[in-house]
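Each chain, letter by letter, is given below.
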Amino acid sequence: MTNKMWGGRFASGPSAIMAEINASIDFDRKLFAQDIAGSKAHAAMLAKQNIISKADLKAIHTGLDQIKTEIETGKFKFSPALEDIHLNIESRLKELIGERAGRLHTARSRNDQVITDVRLFVRDAIDHIDAGLADLQLALAKQAETHAATIMPGFTHLQSAQPVTFGHHMLAYVEMLSRDRGRFSDARKRLNENPLGAAALAGTSFPIDRHMTTKDLGFDQPMRNSLDAVSARDFILETLAASSICAIHLSRLAEEIVIWCSSQFRFVKLSDKFTTGSSIMPQKRNPDAAELIRAKPGRIIGAFTSVAIMMKGLPLAFNKDMQEDKEPTFDALDNLALAIAAMAGMVRDLEPNKDVLKAAANSGYATATDLADWLVQNLKIPFRDAHHVTGRIVALAEKKSCLLSELSLEDMQSISSGITKAVFKVLTVEASVASRTSFGGTAPVNVRRAAKRWLKFPKGK
């Protein structure tokens, strides 16, 4: 049999394979709340414009409210034969209120209906993600405040470079997430335009009021071109691009947590809340939550790639290809939100091993740059010369298997005679981090100030 919602042109129904490939209800049912909200706004506008009666409007709103309750309570029966969420709701609405239901689709197409739903859904998802990122920033800032003076090694090339503080390290991710929130905010501003009223592609001859539905649905303005309104998916691409960058940031922190939890590093501890055991090795405590977050960029970047490739050659306006935008988008946004929540939980759960961190900071001659700076400031020699002298002193310490601070003054003077005992004041890791007071530096006083600012103004304002 044909689909009664659109089948007047067709004498027979689609094949089983056609029905299966055409149906989207298994995934676009996630849009039910947005679809009902859009339909209620559309019906209210039609009634105000005297396109449908007030009695029609009341019946439609009552029926839609009942359908929403049925879906939310699991009583609604979805039918693949009705293809998508729009036709499923419209069909049930007809069962509830009769022929009045048919008036709801006046001056509207599934083309502008679905993209209105998706814009509303992505907008809601961005708001949810932003709240999650703000929570994660607060968790990081609290760790930063607590550990503003907890010394750890800073790395380049995964080699010990200079001492930093654990708090400073946490604040680096706060800054990354701030930029992520900015990208999502920008994407939200651009997507918050109303496509409803564009109909199939050319607009409509009915005297609709697109500004009314714009206001009712919380959009900033109606989209200005009906062809663009039904065919644009760049707002999805922009949101997925922001999601991909954000997921990469989360993955970088996750990788560090995996490394830090290893028995070779022992920089931090995670509790049972965010670790798992082994089925064969009873001693294991695996940072599986971090490892799963580390993997998420694969599917999120994949979603961006999937939608980009799907869109790259499509002519205007709507094409059925665009049905393929929803599954990867839903999956990416759901997984990003989950990863953010899991990371916030892990960050709050992290317990730095202060003694291990400090011992690691003392290894690798991490205060060598401080020595070179001291030579420049006190002996007034060019930095390149100071760099060379410091390199020779490091080599001597390495030969003696000792720290720079454990060399004797005579040892240092054998390489540069002008060195005095005052040099030892800059060779401890405590002195090193305390001296880094330049704007954005790792000095504990800087870290405390920055952490308090983030805790007071989560958006960094």
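Residues numbered from 1 in each chain as written. Predicted model: local features only at pLDDT ≥ 70, side-chain atom pairs only at ≥ 80, totals over all residues. Heavy atoms only, no water.

A. A look at the nonpolar core. Core analysis: the largest hydrophobic core is formed by 96 residues, its most contacted members being Leu-136, Leu-140, Leu-250, Leu-336, Met-343 and Met-346. When neighbours within four sequence positions are excluded, Leu-336 is seen to be in contact with Ile-129, Phe-184, Ser-243, Cys-246, Ala-247, Leu-250 and Ile-300. In terms of nonpolar packing, the next biggest core, distinct from the first, is built from 19 residues, Trp-374, Leu-396, Met-412 and Ile-415 among them. (Core = buried A, V, L, I, M, F, W, Y, C linked by side-chain atoms within 4.5 Å. Buried < 20%, exposed > 50% of the residue type's maximum accessible area, 1.4 Å probe, protein only. Contact = heavy atoms within 4.5 Å.)

B. Up close: the packing of aromatic side chains. The tally for this structure, following the rule as stated, stands at 5 aromatic pairs. With 4.7 Å between their ring centres and 55 degrees between their planes, Phe-121 and Phe-330 make a pair best called tilted. Taken together, the residues Phe-121 in helix H6 (residues 110-146) and Phe-330 in helix H12 (residues 326-349) connect sequence positions 209 residues apart. Judged by its relative accessible area of 4%, Phe-330 is buried. (Phe/Tyr/Trp six-rings, centres within 6.5 Å; stacked < 30°, edge-to-face > 60°. Helix = DSSP H or I, 4+ residues; strand = E, 2+ residues; numbered from the N terminus.)

C. Up close: helix H4 (residues 54-72). Taking 1.5 Å per residue, 19 residues should reach 27 Å; H4 reaches 27 Å between its end C-alpha atoms and fits that length. For H4, the set of buried residues is Asp-56, Leu-57, Ala-59, Ile-60, Gly-63, Leu-64, Ile-67, Glu-70 and Ile-71. Looking straight down H4, one finds that the buried residues subtend no more than 165 degrees of arc, so they occupy a single side. Projecting away from the buried face of H4 at angles above 90 degrees are the exposed residues Lys-54, Lys-58 and Glu-72. Packing partners of the buried residues in H4 comprise helix H3 (32-48) and helix H5 (85-97). (Expected span 1.5 Å × (residues − 1). Arc of directions from axis to C-beta.)

D. The arrangement of the pairing of strand S1 (residues 151-156) in detail. Here 6 bridges tie S1 to strand S2 (residues 159-165), and the two strands are oriented antiparallel to one another. Counted as the bridge partner of Phe-155 is Ser-160 from S2. What sits between the antiparallel neighbours S1 and S2 is a turn of 2 residues, in which His-157 has the positive phi angle 60 degrees. (Pairing = 2+ DSSP bridges.)

E. Region of interest: empty space enclosed by the protein. Tallying each qualifying case throughout the model produces 2 cavities of 30 Å³ or more. There is about 70 Å³ of room inside the largest cavity. Surrounding the largest cavity, Ala-361, Asn-362, Tyr-365, Ala-366, Thr-367, Leu-403, Leu-404, Ser-405, Leu-427 and Val-429 form its lining. In the lining of the largest cavity, the residues fall into 7 nonpolar, 3 polar and no charged. For the second largest cavity, the calculated volume is near 30 Å³. Surrounding the second largest cavity, Asp-35, Ser-39, His-86, Ile-89, Glu-90, Leu-104, His-105, Arg-108 and Gln-113 form its lining. For the lining of the second largest cavity, the secondary structure elements donating two or more residues are H3 and H5. Considering every element that reaches the lining of the second largest cavity, the biggest residue donor is H5, with 3 residues. A class-by-class count of the residues in the lining of the second largest cavity yields 2 nonpolar, 4 polar and 3 charged. (1 Å grid on protein atoms, 1.4 Å probe; cavity = no way out; pocket = protein on both sides within 12 Å on 5 of 7 lines; lining within 4 Å. Points joined across faces, edges and corners; volume = space filled by probe spheres on them. Nonpolar A, V, L, I, M, F, W, Y, C, P; charged D, E, K, R; others polar.)

F. Broad picture of the environment of Ser-24. Within the secondary structure layout, Ser-24 lies in the loop between helix H1 (16-22) and helix H2 (25-28). Judged by its relative accessible area of 4%, Ser-24 falls in the buried class. Through-space distance from the C-alpha of Ser-24 to that of Thr-204 is 26 Å; in sequence the pair is 180 residues apart. Among residues more than four places away in sequence, those in contact with Ser-24 are Glu-83, Asp-84 and Gln-323.

G. Expanded view of the pattern of salt bridges. Enumeration according to the criterion identifies 24 salt bridges in this entry. Among the ionic pairs, Arg-190 bridges to Glu-238, the shortest N-O distance being 2.5 Å. On the criterion of sequence distance, the pair formed by Arg-190 in helix H7 (residues 166-191) and Glu-238 in helix H10 (residues 234-261) is long-range, its members being 48 residues apart. A relative accessible area of 24% means that Glu-238 is categorised as partly exposed. In this structure, Asp-411 and Lys-400 form a salt bridge, with 4.0 Å as the shortest nitrogen-oxygen distance. (Salt bridge = Lys/Arg side-chain N within 4 Å of Asp/Glu carboxyl O.)

H. Inspection of the packing of helix H14 (residues 368-379) against helix H15 (residues 383-400) at higher detail. Here H14 crosses H15 at 135 degrees, and the two axes come no closer than 8 Å. As the angle between them shows, H14 and H15 are arranged oblique. H14 and H15 meet at a crossing whose hand is right-handed. Touching Ala-368, Leu-371, Ala-372, Asp-373, Leu-375 and Val-376 of H14 are Phe-383, Ala-386, Val-389, Thr-390, Ile-393 and Val-394, all from H15. When grouped by side-chain class, the residues that make up the contact of H14 with H15 number 10 nonpolar, 1 polar and 1 charged. (Axes fitted to C-alpha atoms, helices over the stretch in contact; angles between N-to-C directions. Parallel < 35°, antiparallel > 145°, perpendicular 65-115°, else oblique. Left-handed = near helix turned anticlockwise from the far one by under 90°.)

I. Molecular detail of the side chain of Asn-335. Locating Asn-335 in the fold gives a position in helix H12. Owing to a relative accessible area of 9%, Asn-335 belongs among the buried residues under this scheme. A distance of 2.6 Å separates the side chain of Asn-335 from the side chain of Lys-296, its partner in a polar contact. A polar contact of 2.8 Å, which involves the side chain of Asn-335, links it to the backbone oxygen of Asp-331. The residues touching Asn-335, leaving out its near neighbours within four places in the chain, are Lys-296 and Arg-299. (Polar contact = N/O pair within 3.5 Å; in protein donor to acceptor, adjacent residues only side chain to side chain.)

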